[in-house]
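# Secondary and tertiary structure notes
Residue-level listing of the chains:
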Amino acid sequence: MITSGGDAPGMNAAVRGVVRAALARGVEVVGFQHGYRGIISEDFVNLTTQSVGGIIHQGGTMLRTARSSQFRDYEGRKQAFEVLMSNEVEGLVVIGGDGSLTGAKTLSEEFDYPIMGLPGTIDNDIAGTDFSIGFDTAVNTAMEAIDKIRDTAYSHERVFVVEVMGRRNGFIALEVALSSGAEAVLIPEVPFSLLEICDNLKKARTRGKRSSIIVVAEGAGRASDVRDFVAKNTGFEARYIVLGHMQRGGSPTAFDRVLALRLGAYAANRLINGYSGEMIGVDGGKLVHNPISYVLSTERTIDPERLLLVDVMSS
Ligand code: ATP
């Protein structure tokens, strides 16, 4: 197995799930370090029951992760396939985002090689599952940071603009805005009017609201620019903060740990049972398997009802 692409809290729990479920079926597991790069360079460790002990609460990934440009080329994937064959590795579980799953699908199709995918990304932008591993932890981390920021925003009667991760989508931003009671959220998928947001902030101030939080997904604009605009158009004191990589780290929530364990164990069992080319996910709490081709060709879109709720709750 490998963890690949950006790290996500809960990847270790997924590794534990895969390893212990496979061992329970009498199947040995090896972990390649640094994603696809480690397959090409034949850099692997045997994963035993003991080696995946004491990792369930740790963020990051014990297998390390990386982005491999070599694997993007046919020659690199051929080399990876040869390493897998020469070491008698009979199937591969890949935990990562859409790029990692694309790589897994390509390897599988080019060499008729058994693979199983797990959604491991804080972005939650993968179809075929309600949640990807790491999303819940990232949202909770950002929410806790905003809870602290709100204390100081309230005391100084300031507007705080908080930038959260999400270059291409606003899944994290939306969930963070709802859970932290933010006054507005800016996401890349939906056009917004900063002037309208400023008007709403001014109206809220006349109603007696002394502080406000605006959550910005990084793909929707720079927090510093939003802060400048808001300060200029409202006259309120405004500050900004970019939460950045802290959202990737930290101990996974109970939700992410259980999700990752379940997905990992199910992936191992499906692979051992002879299935391939699937991504394991959850749908309404139940484990599901979908063809990776379906997952990659389906766009996950934000829930408009949630976006509307941010406005309703702050009006
Ligand atoms: P995140 O969502 O956290 O960015 P990701 O899995 O989408 O994770 P990528 O950097 O896109 O991260 O992909 C991880 C690795 O998967 C790449 O470094 C590359 O080795 C492999 N990969 C990505 N896209 C392809 C592709 N089209 N063909 C083959 N391999 C790919």
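Residues numbered from 1 in each chain as written. Predicted model: local features only at pLDDT ≥ 70, side-chain atom pairs only at ≥ 80, totals over all residues. Heavy atoms only, no water.

Overall, mixed pairing links the five strands, which are arranged β1-β4-β5-β10-β11 in an open sheet. The strands lining the two open edges of the sheet, one partner per strand, are β1 (2-3) and β11 (286-291). Strands in contact with helix α9 (residues 254-272) are β4 (92-96), β5 (115-119), β10 (278-283) and β11; relative to β10, the strand with the most contacts, it is inclined by about 140 degrees. (Pairing = 2+ DSSP bridges. Helix = DSSP H or I, 4+ residues; strand = E, 2+ residues; numbered from the N terminus. Contact = heavy atoms within 4.5 Å. Axes fitted to C-alpha atoms, helices over the stretch in contact; angles between N-to-C directions.)

A separate point is the environment of Gly-103. Along the chain, the position of Gly-103 falls in helix α4 (residues 98-111). On the basis of relative accessibility, which here comes to 10%, the residue Gly-103 falls in the buried class. In the structure, Gly-103 is positioned 30 residues away from Asp-73 in sequence and 9.9 Å away in space, judged by C-alpha atoms. Setting aside residues up to four positions removed in sequence, Gly-103 forms contacts with Tyr-36 and Phe-71. (Buried < 20%, exposed > 50% of the residue type's maximum accessible area, 1.4 Å probe, protein only.)

This paragraph deals with the packing of aromatic side chains. Counted according to the given criterion, the structure contains six aromatic pairs. Ring centres 5.7 Å apart and planes at 20 degrees place the aromatic pair Tyr-74 and Phe-111 in the stacked group. With Tyr-74 in helix α3 (residues 74-86) and Phe-111 in helix α4, this pair connects stretches of sequence that are 37 residues apart. Judged by its relative accessible area of 40%, Tyr-74 falls in the partly exposed class. With a centroid separation of 6.0 Å and an interplanar angle of 80 degrees, the aromatic rings of Phe-81 and Tyr-113 are classed as edge-to-face. One end of the pair, Phe-81, is in helix α3; the other, Tyr-113, is in the loop between α4 and β5, with 32 residues separating them in the sequence. As far as burial versus exposure is concerned, Phe-81 and Tyr-113 are alike and both buried. (Phe/Tyr/Trp six-rings, centres within 6.5 Å; stacked < 30°, edge-to-face > 60°.)

What follows is about α3. Given a rise of 1.5 Å per residue, 13 residues ought to cover 18 Å, and the 18 Å separating the end C-alpha atoms of α3 matches this to within 8%. Taken residue by residue, α3 has Gly-76, Arg-77, Ala-80, Phe-81, Val-83 and Leu-84 as its buried positions. Viewed end-on, α3 has its buried residues packed into an arc of 160 degrees, placing them on one side of the element. Those residues of α3 that are exposed and angled more than 90 degrees off the buried face are Glu-75 and Ser-86. Residues of α3 that are buried make contact with β2 (29-32), α2 (35-40) and α4. One or two steps after α3, the chain reaches Glu-88, where phi turns positive at roughly 55 degrees. (Expected span 1.5 Å × (residues − 1). Arc of directions from axis to C-beta.)

The quantities given are spatial measurements derived from coordinates; they are silent on function.
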